[in-house]
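Notes for the structure review
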Amino acid sequence: MTGTDTATALERATLDKAARENFPVAPFFLPRAWRTDLMAVYGFARLVDDIGDGDLAPGGADARALGVPPEQADDRLVMLDAFETDLRRVFDGTPHHPLLRRLTPTVRRRGLTPEPFLGLIAANRQDQLVTRYETYDDLRAYCELSANPVGRLVLAVTGTATPERVRRSDAVCTALQIVEHLQDVAEDLGRDRIYLPAQDMKRFHVQESDLTAPSAGASVRALVAYEAQRARELLNEGAPLVGSVQGRLKLLLAGFVAGGKAAVRAIAAADHDVLPGPPRPSKLQLLREAATTLRGEG
């Protein structure tokens, strides 16, 4: 395989995951230039999460692209450090990894700053060091790094960032992150991570061992319902973001909000039993929720 073929394969292995997200990444109705830049941002965000989760494609091509020796390719902190070094080349040189080379023209075209990208890397470093969260505020502080930068980048790419829109976007992104954690309780536990706040687990009399069951008991379901309601409240707080913009961007942002609300409904439809696997909405449910969001309804 040539170097070009390897680079293309690395990009495709990451970018193809866009179809599995809870929200639209770069839908067809957006201008081509926006789609190109949003996919470049998504490629970065997806790859840094894959590094942090140990979900890179087998074969070590990502490590080689980042200059990490084979014997250190499984060390996630080493990989994240190398990825940050390569990210900084986006702003002052030529990066090595093909997904960061793809990102470079987007950064220059849209005048993007390093901070949101560094936040996403910091979140994945935190995942290697922090596996439990004591309070809801602690979890929200994590979401400030792990989720909110994505919304801020969308606003920056589309040239629509204002302080109020950023605030609304942060609420939506934090909600989407919480919903994803609820869907993935069992998967996260398999990585020895729990994103349900310990204070809330104690309040609902949930032990960590309860999360290992094949199906959730009443206490776990009550806890999941409680956290899902918090996510819905954040989505409602952020929903006015949709009405603050026009045109195709309005459709995109409605898709983000609708994706979160439809996922919350799917969790409720599963009677808040997330342990057998992630409850996910159908495409029809997503479309209905998007229509409701565009109308400015609940």
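Everything here concerns the structure above.
A brief structural summary. This one's a predicted model, so the numbers in the text were calculated from it and none came from an experiment. (Residues numbered from 1 in each chain as written. Predicted model: local features only at pLDDT ≥ 70, side-chain atom pairs only at ≥ 80, totals over all residues. Heavy atoms only, no water.)

**A short note on the side chain of Asp37**
Threshold: Helix and strand labels come from DSSP, where a helix needs a run of H or I of at least four residues and a strand needs a run of E of at least two; each type is numbered from the N terminus. For every residue, the accessible area obtained with a 1.4 Å probe (protein chains only) is divided by the maximum for its type, and the residue is called buried under 20%, exposed over 50%, and partly exposed between those limits. Between two residues, a contact is recorded if the distance between any of their heavy atoms is within 4.5 Å.
Structurally, Asp37 can be placed in helix H2 (residues 32-53). What makes Asp37 buried here is its relative accessible area of 0%. Sequence-distant contacts of Asp37, defined by excluding residues within four places in its chain, comprise Thr106, Arg109, Arg110 and Val157.

**Some points on the environment of Asp86**
Note the cut-off: By the criterion applied in these results, polar contacts are pairs of N or O atoms within 3.5 Å in which, for protein atoms, one can donate a hydrogen and the other can accept it, and in which residues neighboring in sequence qualify only through two side-chain atoms.
Topologically, Asp86 is positioned in helix H4 (residues 76-92). Here the alpha-carbon distance between Asp86 and Leu100, two residues 14 residues apart in the chain, equals 7.5 Å. Setting aside residues no more than four positions away along its own chain, Asp86 makes contact with Leu66, Pro95, His96, His97 and Leu100. Engagement of the side chain of Asp86 in a polar contact is seen with the side chain of Arg89, the distance being 2.6 Å. Of note is the side chain of Asp86, whose polar atom sits 2.8 Å from the backbone nitrogen of His97.

**Notes on the packing of H2 against H4**
Inclusion rule: The convention used is that axes are lines fitted to C-alpha atoms, helices contributing only their stretch in contact, and that angles between N-to-C directions extend from 0 to 180 degrees. Should an angle fall under 35 degrees it is called roughly parallel, over 145 degrees roughly antiparallel, and 65 to 115 degrees roughly perpendicular, with every other angle called oblique. In this classification, Asp, Glu, Lys and Arg are treated as charged, Ala, Val, Leu, Ile, Met, Phe, Trp, Tyr, Cys and Pro as nonpolar, and every other residue, Gly included, as polar.
Interaxial distance between H2 and H4 falls to 8 Å at its minimum, and their mutual angle equals 155 degrees. Between H2 and H4, the angle is such that the two are roughly antiparallel. Residues Phe44, Leu47, Val48, Ile51, Gly52 and Asp53 of H2 pack against Arg76, Met79, Leu80, Phe83 and Leu87 of H4. Within the contact of H2 with H4, the residues separate by chemical class into 8 nonpolar, 1 polar and 2 charged.

**So, the packing of aromatic side chains**
Cut-off, in case you're wondering: Stacked, tilted and edge-to-face are the three classes assigned to paired rings of Phe, Tyr and Trp, where Trp is represented by its six-membered ring and a pair needs centres within 6.5 Å; plane angles under 30 degrees give stacked, over 60 edge-to-face, the rest tilted. Only lysine NZ and arginine CZ atoms are considered, and such an atom sits over a ring when it is within 6 Å of the ring centre and within 35 degrees of the ring normal.
Applying the stated criterion to the full structure yields 8 aromatic pairs. On the numbers, 5.2 Å between centres and 20 degrees between planes, the contact of Phe44 with Phe83 is stacked. Of this pair, Phe44 sits in helix H2 while Phe83 sits in helix H4; the two residues are 39 residues apart in sequence, bridging distant segments of the chain. On the basis of relative accessible area, Phe83 is assigned to the buried category, the value being 0%. Measuring from centroid to centroid gives 5.0 Å for Phe44 and Phe117, while their planes differ by 85 degrees, and the two rings are edge-to-face. Highlighted residues: Phe44 in helix H2 and Phe117 in helix H6 (residues 115-129), separated in sequence by 73 residues. When sorted by exposure, Phe44 lands in the same class as Phe117, which is buried. Between Arg230 and the ring centre of Tyr136, over which it is positioned, the NZ or CZ distance is 3.8 Å.

That is the geometry; function is a separate question.
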